[in-house]
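Spelled out, the chains give:
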Amino acid sequence: MTWDFETDPEYQKKLDWADDFVREEIEPLDFVFPHKQFVPMTDEMRKIIDPLKDEVRRQGLWATHLGPELGGQGFGQLKLALLNEILGRTLWASNVFGTQAPDTGNAEIIAHYGTPEQKARYLQPLLDGECFSSYSMTEPHAGADPTLFTTQAVKDGGEWVINGWKYFSSNAKTASFLIVMAVTNPDVSPYKGMSMFLVPTDTPGVNIVRNVGLYGEAINEGSHALIHYEDVRVPEEALLGGEGQAFVIAQTRLGGGRIHHAMRTIGMAQKALDMMCERALSRQTAGSLLADKQFVQGYIADSYAQLVQFRLFVLYTAWEIDKYNDYKRVRKDIATAKVVMPTVLHDIAWRAMQVHGALGTTNEMPFFGMIHGAGVMGLADGPTEVHKVTVARQVLRDYRGTDNMWPTAWIPGKLEAAKAKFADVLELEVGNL
Ligand SMILES: Cc1cc2nc3c(=O)[nH]c(=O)nc-3n(C[C@H](O)[C@H](O)[C@H](O)COP(=O)(O)OP(=O)(O)OC[C@H]3O[C@@H](n4cnc5c(N)ncnc54)[C@H](O)[C@@H]3O)c2cc1C
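Okay, so let's go over this structure.

**Looking at the overall build of the protein chain**
Line of reasoning, step 1. Looking only at helices and strands, the protein chain features 15 helices and 10 strands.
Line of reasoning, step 2. By principal-axis analysis of the C-alpha atoms, the protein chain measures approximately 95 × 65 × 45 Å.
Line of reasoning, step 3. Expressed as a percentage of the 433 residues in the protein chain, the buried residues total 46%.
Line of reasoning, step 4. Considering only contacts in the protein chain between residues 6 or more positions apart, those separated by 24 or more positions represent 71%.
Line of reasoning, step 5. Considering the protein chain, the positive charge centre built from 41 side chains and the negative charge centre built from 54 side chains are found 3 Å apart.

Here it is, written out as structure tokens:
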């Protein structure tokens with residue numbers, strides 16, 4: 001019997017260390033360098049942040065999503081989940097621990113599909129935390145349905161020439177390179193006719209037209225680029241994986257990315273619940289603490305229930321990924337975690353905001369940031385609706401329809417069958433009466 005809900009004591013020590021370290025050393029970075037995780041570091045930032053990264057390395061917790069051959073610890077997804085729920089509480093922690101999206105997913109696919117030259121040029125600096133990367137897949141006219149993408153790469157001698165538009169390429173403005181998905185064979189199914197390319201951001205023809213910001217950010221100062229690829233020439237060696245492999249590569253990348261977001265979301269939702277409980281125990285109104293009001297108790301109980309269900313499910317899914325080492329096999333549960341994630345974060349953050357009264361709605365508390373984050377989680381890496389379709393399709397695979405007029409569980413039919421099964425005994429009993 002190996003079913004277990006305990007963390008081994010050695011790793012628990014590391015988690016305890018990470019918990020303190022994030023609280024004491026990293027949380028303050030969110031205030032002195034807010035939203036600066038993906039800009040090149042100034043000397044001032046390096047002075048503070050480089051020693052923190054060194055400390056993480058000394059603790060053996062740097063880039064734990066990767067195997068030892070890639071400079072990580074090879075802890076697997078379950079241990080990463082336990083760490084990520086700590087890191088998810090702050091903006092900066094993932095960067096200080098070398099596990100920030102989208103670089104983790106990008107590193108993962110270069111590690112899987114890259115040639116030795118591509119790994120040396122792109123993967124190593126990424127793992128060392130020395131550069132950023134961007135994933136350029138969504139287009140202005142199509143996101144959820146990648147079969148509609150039109151950005152094209154055409155062979156011209158020994159080069160590929162890329163033309164088209166991409167939208168929401170996160171961090172492109174500070175990335176050293178982009179991973180671009182483009183149609184390479186329009187004559188076959190899109191699932192076989194698209195390829196991925198590694199494109200240095202300073203390649204002529206990579207035009208960042210606008211840096212789209214999220215709500216609350218100044219216009220054109222955001223980090224989600226609208227990019228016009230205009231006759232962008234890259235050598236043949238820029239192809240990542242084989243020609244026509246884009247969909248397979250995207251699945252590898254997005255599978256990991258989605259569950260990592262879910263792990264971090266646990267931390268964010270826990271933080272909202274912590275704040276809700278502190279406020280409930282601190283504020284008096286109408287003769288008693290908020291914590292004594294049944295409505296508020298309902299908020300707390302509902303939030304706790306949602307959070308523990310979500311957490312256990314994410315940990316279970318991480319465990320499945322470790323066990324099967326196959327994202328495809330765990331697709332249903334990764335999609336389910338993705339579907340549940342925005343609602344859990346939204347509901348808990350919303351209740352926490354409500355319990356804080358007017359203060360909760362201000363820019364002096366983080367609740368609207370969390371609620372906005374929940375909205376983002378329902379779109380980034382694919383909208384909730386599309387993932388629900390995946391879940392439903394996967395669930396339905398385990399079922400068959402019936403040719404009968406009445407459902408299998410139709411009670412009159414069940415009753416007849418049960419009577420027939422025990423007919424001998426039942427008739428005897430009737431006979432004895
Ligand atoms: C913060 C953030 C960061 C992102 N980073 C990146 C990035 O780095 N690289 C990148 O390439 N992309 C990125 N994206 C884009 C993201 O992948 C897309 O937003 C997502 O795939 C949805 O595409 P869309 O926005 O074009 O919405 P659309 O495809 O236009 O869909 C709009 C809405 O239509 C509905 N809908 C769509 N399809 C279906 C369906 N089959 N059934 C039912 N309803 C449906 C849903 O309500 C959906 O929200 C990011 C997005 C966000 C918000």
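So that's the structure; there's more coming.
**With respect to the site of the ligand**
Line of reasoning, step 1. As a matter of local geometry, the ligand sits amid 16 residues, with Tyr135, Thr138, Phe168, Ser170 and Glu385 nearest to it.
Line of reasoning, step 2. Ala144 has a polar backbone atom sitting 2.9 Å from an oxygen atom of the ligand.
Line of reasoning, step 3. Within the side chain of Glu385, an N or O atom sits 2.6 Å from an oxygen atom of the ligand.
Line of reasoning, step 4. Burial of the ligand by the protein amounts to 64% of the accessible area it has alone, namely 980 Å².

**Focus: the packing of helix α8 (residues 246-280) against helix α10 (residues 331-355)**
Line of reasoning, step 1. Axis separation between α8 and α10 bottoms out at 9 Å; the angle between their running directions is 20°. Between α8 and α10, the angle is such that the two are roughly parallel. Where α8 crosses over α10, the two elements pack in a sense that is left-handed.
Line of reasoning, step 2. Taken together, the residues that form the contact of α8 with α10 break down as 17 nonpolar, 3 polar and 4 charged.

**Structural notes on a nonpolar patch on the surface**
Line of reasoning, step 1. Nonpolar side chains collect at one region of the surface, where Met1, Trp3, Phe5, Leu312, Tyr316 and Trp319 lie side by side and expose about 760 Å² of accessible area between them.
Line of reasoning, step 2. Tracing the sequence through the fold places Trp3 in the segment before α1 (9-32).

**Things to note about the pattern of salt bridges**
Close approach of charged atoms allows side chains with opposite charge to pair.
Line of reasoning, step 1. Tallying each qualifying case throughout the model produces 16 salt bridges.
Line of reasoning, step 2. Arg46 is the salt-bridge partner of Glu130, the closest N and O atoms lying 3.7 Å from each other. In this pair, Glu130 sits in the loop between α6 (116-127) and β1 (133-136) while Arg46 sits in helix α2 (residues 43-58), placing the two residues 84 residues apart along the sequence.
Line of reasoning, step 3. Residue classification places Arg46 among the partly exposed positions, given a relative accessible area of 32%.
Line of reasoning, step 4. Between Lys332 and Asp398 there is a salt bridge, with its nearest N and O atoms 3.9 Å apart.

**With respect to the side chain of Thr317**
Line of reasoning, step 1. In this structure, Thr317 sits in helix α9 (residues 294-324).
Line of reasoning, step 2. With relative accessibility at 0%, the residue Thr317 sits in the buried group.
Line of reasoning, step 3. Apart from residues lying up to four places away in sequence, Thr317 is in contact with Ile259, Val330, Asp333 and Ile334.

**Some words on α9**
Line of reasoning, step 1. A rise of 1.5 Å per residue sets the reference length of α9, with its 31 residues, at 45 Å; its end C-alpha atoms lie 45 Å apart and thus fit the reference within 8%.
Line of reasoning, step 2. Those residues of α9 that are buried are in contact with α3 (77-87), α8 and α10.
Line of reasoning, step 3. Once α9 finishes, Asn325 follows within two positions and takes phi at roughly 50°, a positive value.

**Here we look at the pairing of strand β3 (residues 159-170)**
Line of reasoning, step 1. In this structure, strand β2 (residues 152-156) lies alongside β3, joined through 5 bridges in antiparallel fashion. Bridge pairing in β3 links Lys155 to Trp160.
Line of reasoning, step 2. For β3 and strand β7 (residues 224-235), the ladder comprises 9 bridges, and the chain directions are antiparallel. Bridging from a neighbouring strand, Ser169 pairs with Ala225 of β7.

**Section: a positive patch on the surface**
Line of reasoning, step 1. Together, Lys328, Arg331, Arg393 and Arg397 give the surface a local cluster of positive charge.
Line of reasoning, step 2. Its location among the elements puts Arg331 in helix α10.

**Digging into the packing of α1 against α2**
Line of reasoning, step 1. At a minimum axis distance of 11 Å, the contact between α1 and α2 shows a crossing angle of 170°. When the interaxial angle is binned, α1 and α2 end up roughly antiparallel. Of the residues in α2, those touching α1 at Trp17, Phe21, Glu25 and Leu29 are Ile48, Ile49, Leu52, Glu55 and Val56.
Line of reasoning, step 2. Here the residues of the contact of α1 with α2 are counted per class, giving 7 nonpolar, no polar and 2 charged.

**Let's talk about the nonpolar core**
Line of reasoning, step 1. The biggest cluster of nonpolar side chains holds 89 residues, and the ones touching the most others in it are Ile26, Val96, Phe97, Ile179 and Met196.
Line of reasoning, step 2. With 15 residues, α8 is the largest single contributor of residues to this core.
Line of reasoning, step 3. The residues contacting Met196, other than those within four sequence positions of it, are Tyr135, Ile179, Val180, Met181, Ala238, Leu239, Leu240, Ala246, Ile249 and Ala250.

**Side note on the environment of Ala107**
Line of reasoning, step 1. As for its position among the elements, Ala107 is in helix α5 (residues 103-113).
Line of reasoning, step 2. Along the primary structure Ala107 and Gly60 are separated by 47 residues, whereas in three dimensions their C-alpha atoms are 19 Å apart.
Line of reasoning, step 3. Contacts of Ala107, omitting those with residues within four sequence positions, involve Leu123, Leu126 and Leu127.

**What about unusual backbone geometry?**
Line of reasoning, step 1. For the peptide bond that leads from Ala101 to Pro102, omega is 0°, which places it in the cis range.
Line of reasoning, step 2. Phi is positive for Asn171, which is not a glycine, with a value near 65°.
Line of reasoning, step 3. By the secondary structure assignment, Asn171 is in the loop between β3 and β4 (177-183).

**Details of the side chain of Thr384**
Line of reasoning, step 1. Residue placement: Thr384 occurs in helix α13 (residues 384-396).
Line of reasoning, step 2. With near-sequence residues (within four places) excluded, Thr384 lies in contact with Val339, Pro342 and Gly378.

**Some words on α13**
Line of reasoning, step 1. Here α13 spans 18 Å end to end across 13 residues, near enough to the 18 Å set by a 1.5 Å rise per residue.
Line of reasoning, step 2. For α13, the set of buried residues is Thr384, His387, Thr390, Val391 and Gln394. Each buried residue of α13 lies within a common arc of 115° when the element is viewed along its axis, so the set occupies one face. For α13, the exposed residues lying more than 90 degrees away from the buried face are Glu385, Arg393 and Leu396.
Line of reasoning, step 3. Here the buried face of α13 lies against α8 and α10.

The rules behind the values
Residues numbered from 1 in each chain as written. Predicted model: local features only at pLDDT ≥ 70, side-chain atom pairs only at ≥ 80, totals over all residues. Heavy atoms only, no water. Helix = DSSP H or I, 4+ residues; strand = E, 2+ residues; numbered from the N terminus. Buried < 20%, exposed > 50% of the residue type's maximum accessible area, 1.4 Å probe, protein only. Contact = heavy atoms within 4.5 Å. Lys, Arg positive; Asp, Glu negative; His and termini not counted. Charge placed at Lys NZ, Arg CZ, Asp CG, Glu CD. Near = heavy atom within 4 Å. Polar contact = N/O pair within 3.5 Å; in protein donor to acceptor, adjacent residues only side chain to side chain. Areas by Shrake-Rupley, 256 points an atom, 1.4 Å probe, with all protein chains shown as cover. Axes fitted to C-alpha atoms, helices over the stretch in contact; angles between N-to-C directions. Parallel < 35°, antiparallel > 145°, perpendicular 65-115°, else oblique. Left-handed = near helix turned anticlockwise from the far one by under 90°. Nonpolar A, V, L, I, M, F, W, Y, C, P; charged D, E, K, R; others polar. Patch = residues over 30% accessible without salt bridge, like charges linked within 9 Å, V, L, I, M, F, W, Y side chains within 5 Å. Salt bridge = Lys/Arg side-chain N within 4 Å of Asp/Glu carboxyl O. Expected span 1.5 Å × (residues − 1). Pairing = 2+ DSSP bridges. Core = buried A, V, L, I, M, F, W, Y, C linked by side-chain atoms within 4.5 Å. Arc of directions from axis to C-beta.

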